[in-house]
Amino acid sequence: MPENKSIAIDELLNNPEIQKATSKVNQELLERREYRPPVCDVFKKPYTFLEDLDEYSFDIDRETKNQLPGIIDNKVQAIRSTDSPSESIKEQSSKPRRIGIVFSGGPAPGGHNVISGLFDAAKKANPDNKIFGFILGPDGIIKNESMELTQDIVDRYRNLGGFTMIKTGRTKIDTNEEMLLSKQTCKKLKLDALVIVGGDDSNTNAAFLAQEMKNDGVQVIGVPKTIDGDIQVKGAKGKVLCAMSFGFHTAARSFSKDISNLCTDSSSDVKYWHICKVMGRVASHLALEVALQTHANMTLIGEDLADYVDKRRVEKAEKQGTIDYTAYGMTLRHLSRLICDGIVRRAAAGKNFGVLVIPEGVLEFINEIQIFITKLNVIIAEYNNTHDKTFHKGFPSLEDKLGYLRRLSRQSREDKNFAVWNTRDDDLFNDIPEFFQEGLLMERDSHGNFQFSQVETDKIIMGLVTDYLTILKEKGQYKIGIEREFYRQTLEHDGLDPDFYGPVLFRNYDKNSYLLVKESIMSEKTLRQELLKENAIQKKEKIPEAVAAIYKKSVPKFKTQLHFYGYDGRGSDPSRFDCNYTYNLGLTVFSLIANGATGQMAAIKNLEYDFSDWKPIGIPIAPLMRLEERKGKLTLVLEKSIVDTESIAFKVVKALREKWLAAESGDDDYRRPGPIRFTGSSEEDKPITLQLNAIAKR
Ligand code: FBP
């Protein structure tokens, strides 16, 4: 028997139809691989050259001048093209080159197209040009592990998501030894140029490598990658040079498709609140785009919470001639109250369900958490700098870590100059749940960043929300509104007069809306008392069944489903916007290299407008850097761009909040973005955030 079975299976597996149906090469893959993104006008001519654009300036940090003198005077450069080049342009362009490329940090859809753009441009300029991919991120540079990228390899990954071709890693090249090893690798491979595709930290790395290798003649070019969307560049006068990093659009669309499905599900079975945490280490750009794409009922925007001012407290303090500093910014408790308010209001309109979007980095914008994160960053970094073992090896268990913090707090009592962890910090820290303590104490990434994706932000916030909803329920304030017509029919069905019981049961019977059971009615007992008080029943009489049923229907159960959208969207195949954007970024990288640039980041200006307006440019990285605390030290890093609460996109979301909460009768306002349609004609051509902000500029 088993033998026969295996023969049958072998035969089946050899069947061409079965082979086709189970092949990993499907139609979508073939179409993706065959797609050739359109190129910006400037790349339609055979030769490019660079033009410095003096109209863009930057506010430069003095420290950058000291640390990056070789590239600090770089200008924004426009890529221009010509059919009739000078001899020197011709020579520059076709000179044989060896170029290394590395992916650094989290994957972002479109990375492979940066490689294919660079590869195509390099081979077109000179078929002898060679492109090497460093394996597993910056570690590949340090350890000299690379592979030559051939036509066959590149073609296999065109328009596909992930960084699977050469993988990625989060190592930062920041010690003298790593810098030296990286230089040696470039020398051994005889590289003319190194391309670093990465986020803010990786582009920072690119700037330092550019400075370090300038005299060796190795050019370094950065590429703005991150789904978080926090690499956006403006000149000093606010002119947008890079509206968005690549990968953002795809990740946002991917999250939005799934979250929109939850909106549909939740409004169908009307029993769950879906709590969706979406990636974005610090900035809430992804959450903002998801809000615009889906119209989910509530979306938290971290930057908005940080801007919160409790006007009542400010006024009260003003009257007393003082300043109440606690009135500025949002606390975790207050945030949970705001969420409860939305939940209670929807329930009152008969909707005890909905979708809440929480950005992964929201805690960064909450006062008390921000303080903990900053203090613990310093404590962990100081420990690592002064001990042979790392903090996490030294104190493996939570108990060990808490013990160390306790010792620090004692030290603060004895030594008044020691302020990093005092007894108040220790007390407050011991008040929070264990899983959250563990989250706040976990290892920082190699750049010294707090790893928000590892913290159960949603669980922390929803724990507080659930507790407060229980209190509101006990106070009779969290109730499900009863549809007036349903109430009428239910009572009439049992031969009862709705207008007789209505004013007894409900607090708003005279108004034409969803009916809310009185706050004083919180149980069958209190219902009975109310009916007795209003002479609606006599002492020994039972509560009429229809009345009891209406009461039961008004009692809410708060049921949630938690979801995390991050790694899935990061691994998605790119949207057409990201395919076209990244391919042109690859072409831009080659033009910058061919024209001698270094310390520049490839970018496309006018991304927010039509494709025909896209302008490839090089942006100097050094002027974009600021001092930030990393691993307990002030360090130069590329400035992160967070959500601008003055932007049109944010203002629109804010203005539509009430509509999307839909705490009234009638349908929700959910929008269906659908899946990423690579080949269809209905795929949108850019993120909605960009569209809205562009309208403002026009
Ligand atoms: P990059 O900044 O490297 O692009 O990564 C962004 C991100 O996807 C964040 O949204 C998330 O917090 C983080 O990476 C997760 O990191 P890891 O891959 O190390 O879990």
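Scoring rules and cut-offs
- Residues numbered from 1 in each chain as written.
- Predicted model: local features only at pLDDT ≥ 70, side-chain atom pairs only at ≥ 80, totals over all residues.
- Heavy atoms only, no water.
- Phe/Tyr/Trp six-rings, centres within 6.5 Å; stacked < 30°, edge-to-face > 60°.
- Lys NZ or Arg CZ within 6 Å of the ring centre and 35° of its normal.
- Helix = DSSP H or I, 4+ residues; strand = E, 2+ residues; numbered from the N terminus.
- Contact = heavy atoms within 4.5 Å.
- Pairing = 2+ DSSP bridges.
- Axes fitted to C-alpha atoms, helices over the stretch in contact; angles between N-to-C directions.
- Core = buried A, V, L, I, M, F, W, Y, C linked by side-chain atoms within 4.5 Å.
- Buried < 20%, exposed > 50% of the residue type's maximum accessible area, 1.4 Å probe, protein only.
- Domains from an automatic or database assignment.
- Parallel < 35°, antiparallel > 145°, perpendicular 65-115°, else oblique.
- Left-handed = near helix turned anticlockwise from the far one by under 90°.
- Nonpolar A, V, L, I, M, F, W, Y, C, P; charged D, E, K, R; others polar.
- Patch = residues over 30% accessible without salt bridge, like charges linked within 9 Å, V, L, I, M, F, W, Y side chains within 5 Å.
- Areas by Shrake-Rupley, 256 points an atom, 1.4 Å probe, with all protein chains shown as cover.
- Salt bridge = Lys/Arg side-chain N within 4 Å of Asp/Glu carboxyl O.
- Lys, Arg positive; Asp, Glu negative; His and termini not counted.
- Charge placed at Lys NZ, Arg CZ, Asp CG, Glu CD.
- Near = heavy atom within 4 Å.
- Polar contact = N/O pair within 3.5 Å; in protein donor to acceptor, adjacent residues only side chain to side chain.
- 1 Å grid on protein atoms, 1.4 Å probe; cavity = no way out; pocket = protein on both sides within 12 Å on 5 of 7 lines; lining within 4 Å.
- Points joined across faces, edges and corners; volume = space filled by probe spheres on them.
- Expected span 1.5 Å × (residues − 1).

**Details of the packing of aromatic side chains**
Part 1: Taken as a whole, this structure holds 21 aromatic pairs when the rule is applied.
Part 2: The rings of Y383, F391, F395 and Y404 are connected pair by pair, giving a single aromatic cluster.
Part 3: Here R346 stacks its cationic end above the ring of F353, 5.0 Å away from the centre of that ring.
Part 4: The ring of F486 carries the charged tip of K553 above its face, separated from the ring centre by 4.9 Å.

**Section: the environment of F365**
Part 1: The residue F365 is located in the loop between β12 (354-359) and α16 (367-386) in this model.
Part 2: Between the alpha carbons of F365 and D610 there is a distance of 34 Å; along the sequence they are 245 residues apart.
Part 3: Every residue in contact with F365, bar those within four places of it in the chain, is listed here: V282, G302, E303, A306 and I642.

**What to know about unusual backbone geometry**
Excluding glycine, residues mostly have negative phi values, and the peptide bonds linking residues are mostly trans.
Part 1: The residue H295 is not glycine, and still its phi comes out positive at about 60°.
Part 2: Residue placement: H295 occurs in the loop between α12 (285-294) and β11 (298-299).

**Section: the sheet that holds strand β5 (residues 146-148)**
Part 1: Ordered in space as β1-β2-β15-β14-β7-β6-β3-β4-β5, the 9 strands form an open sheet in which the pairing is mixed. Among the strands making up the open sheet, the edge pair consists of β1 (47-53) and β5. Averaged over all neighbouring strand pairs, the angle between strand axes comes to 30°, with direction disregarded.
Part 2: Contacts from helix α27 (residues 576-594) reach β1, β2 (76-82), β3 (98-103), β6 (193-198), β7 (219-224), β14 (600-605) and β15 (615-620), with the element oriented near 135° to β14.

**Concerning the nonpolar core**
Part 1: The biggest cluster of nonpolar side chains holds 120 residues, and the ones touching the most others in it are F255 and I619.
Part 2: Considering each element in turn, this core owes the most residues, 10 residues, to α27.
Part 3: The residues that make up this core include at least three from each of domain 1 (26-246 + 577-638) and domain 2 (260-359 + 457-478 + 560-573 + 646-677).
Part 4: In contact with F255, not counting residues within four places along its chain, are I227, V278, M279, L286, V290, Y565, G566, D568 and G569.
Part 5: Ranked by size, the runner-up nonpolar core spans 58 residues in total, among them A347, L441, I460 and M462.

**As for the packing of helix α6 (residues 111-125) against α27**
Part 1: Where α6 meets α27, the closest approach of the two axes is 7 Å, and the angle between their N-to-C directions is 40°. The orientation of α6 with respect to α27, classified from their angle, is oblique. Like other packed secondary-structure pairs, α6 and α27 cross with a definite hand, here right-handed. Along the contact surface, α6 presents N113, V114, S116, G117, L118, D120, A121, A122 and A125, while α27 presents C579, T582, Y583, G586, L587, V589 and F590.
Part 2: A per-class count over the contact of α6 with α27 returns 10 nonpolar, 5 polar and 1 charged.

**A short note on the domain arrangement of the chain**
A common way to report how large an interface is uses the accessible area buried once the components associate.
Part 1: As far as domains go, the chain holds domain 1 (26-246 + 577-638), domain 2 (260-359 + 457-478 + 560-573 + 646-677) and domain 3 (481-554).
Part 2: Domain 1 and domain 3 are separated by 68 Å when their C-alpha centres are compared.

**Here's the deal with a positive patch on the surface**
Part 1: On the surface, a cluster of positive charge is contributed by R406, R407, R410, R413 and K416.
Part 2: Along the chain, R410 falls in helix α18 (residues 398-414).

**Some thoughts on the environment of G169**
Part 1: Mapping G169 onto the fold places it in the loop between α8 (151-156) and α9 (176-188).
Part 2: On the accessibility criterion, G169 (16% relative accessible area) is buried.
Part 3: The spatial distance from the C-alpha of G169 to the C-alpha of G105 is 5.5 Å, given a sequence separation of 64 residues.
Part 4: Excluding residues that lie within four positions of it along the chain, G169 makes contacts with F103, S104, G105, L136, G137 and P138.

**Here's the deal with the site of the ligand**
Part 1: Taken together, the neighbourhood of the ligand is formed by 15 residues, with G106, R170, D228, E360 and Y567 sitting nearest.
Part 2: R170 has a polar side-chain atom sitting 2.8 Å from an oxygen atom of the ligand.
Part 3: Within the side chain of D228, one N or O atom sits 2.6 Å away from an oxygen atom of the ligand.
Part 4: Expressed as a share of its isolated accessible area of 490 Å², the protein-covered part of the ligand is 89%.
Part 5: Taken together, the residues of the shell around the ligand break down into 3 nonpolar, 6 polar and 6 charged.
Part 6: Of the residues that make up the shell around the ligand, three or more belong to each of domain 1 (26-246 + 577-638) and domain 2 (260-359 + 457-478 + 560-573 + 646-677).

**Let's talk about empty space enclosed by the protein**
Part 1: Taken as a whole and judged by the stated rule, the model has 1 cavity of 30 Å³ or more.
Part 2: When its volume is computed, the largest cavity comes out at roughly 40 Å³.
Part 3: Here the residues of the lining of the largest cavity are counted per class, giving 2 nonpolar, 2 polar and 3 charged.

**Remarks on the pairing of strand β16 (residues 625-630)**
Part 1: Here 6 bridges tie β16 to strand β17 (residues 633-638), and the two strands are oriented antiparallel to one another. Residue E629 lies in a different strand from β17, and its bridge partner there is L634.
Part 2: Connecting β16 to the antiparallel partner β17 that follows it, the hairpin turn spans 2 residues, and K631 within it adopts a positive phi of roughly 45°.

**So, the sheet that holds β11**
Part 1: Taken in spatial order, the 4 strands line up as β11-β12-β10-β13 in an open sheet, and their pairing is parallel. Looking at the sheet topology across the chains shown, the edges are occupied by β11 and β13 (560-565).
Part 2: The sheet contact formed by β11 and β12 spans 2 bridges and is parallel. Pairing of M298 across the sheet is with L356, part of β12.
Part 3: Against the sheet, helix α11 (residues 248-269) engages β10 (273-278), β12 and β13, with an angle of about 170° to β10.

**Examining the pairing of β6**
Regular strands place side chains that alternate from one sheet face to the opposite one.
Part 1: Taking burial as the measure, the 6 residues of β6 include 6 buried ones, the bulk of the element.
Part 2: Burial along β6 is two-sided: the residues A193, V195 and V197 and L194, I196 and G198 are all buried.
Part 3: In terms of strand pairing, β3 meets β6 through 5 bridges, oriented parallel. Bridge assignment links G100 to a residue of β6, and that residue is L194.

**Digging into the layout of surface pockets**
Part 1: Put simply, the largest pocket is a space of about 1200 Å³.
Part 2: Lining of the largest pocket is provided by 47 residues; of these, K172, H447, R630, K631 and T635 occupy positions nearest its centre.
Part 3: Contributing elements (two or more residues each) for the lining of the largest pocket: α9, α10 (200-213), α16, β16 and β17.
Part 4: Ranked by the residues each element gives to the lining of the largest pocket, the list is headed by α16, at 8 residues.
Part 5: Across the lining of the largest pocket, the residue classes break down as 13 nonpolar, 19 polar and 15 charged.

**Re α10**
Part 1: The end-to-end C-alpha separation of α10 is 20 Å, in line with the 20 Å expected for 14 residues at 1.5 Å each.
Part 2: Of all 14 residues in α10, 11 are buried; the element is thus mostly enclosed.
Part 3: Listed in full, the buried residues belonging to α10 are D200, D201, S202, N203, T204, N205, A206, A207, L209, A210 and M213.

**As for the packing of helix α22 (residues 484-493) against helix α23 (residues 498-505)**
Part 1: Orientation of α22 relative to α23, taken along the N-to-C sense of each, is 125°, at an axis distance of 10 Å. Classified by the interaxial angle, the pair formed by α22 and α23 is oblique. As for the relative orientation of α22 and α23, their crossing is right-handed in sense. Contact residues: Y487, R488, L491 and E492 in α22; P498, D499, Y501, G502 and L505 in α23.
Part 2: Counted by class, the contact of α22 with α23 contains 5 nonpolar, 1 polar and 3 charged residues.

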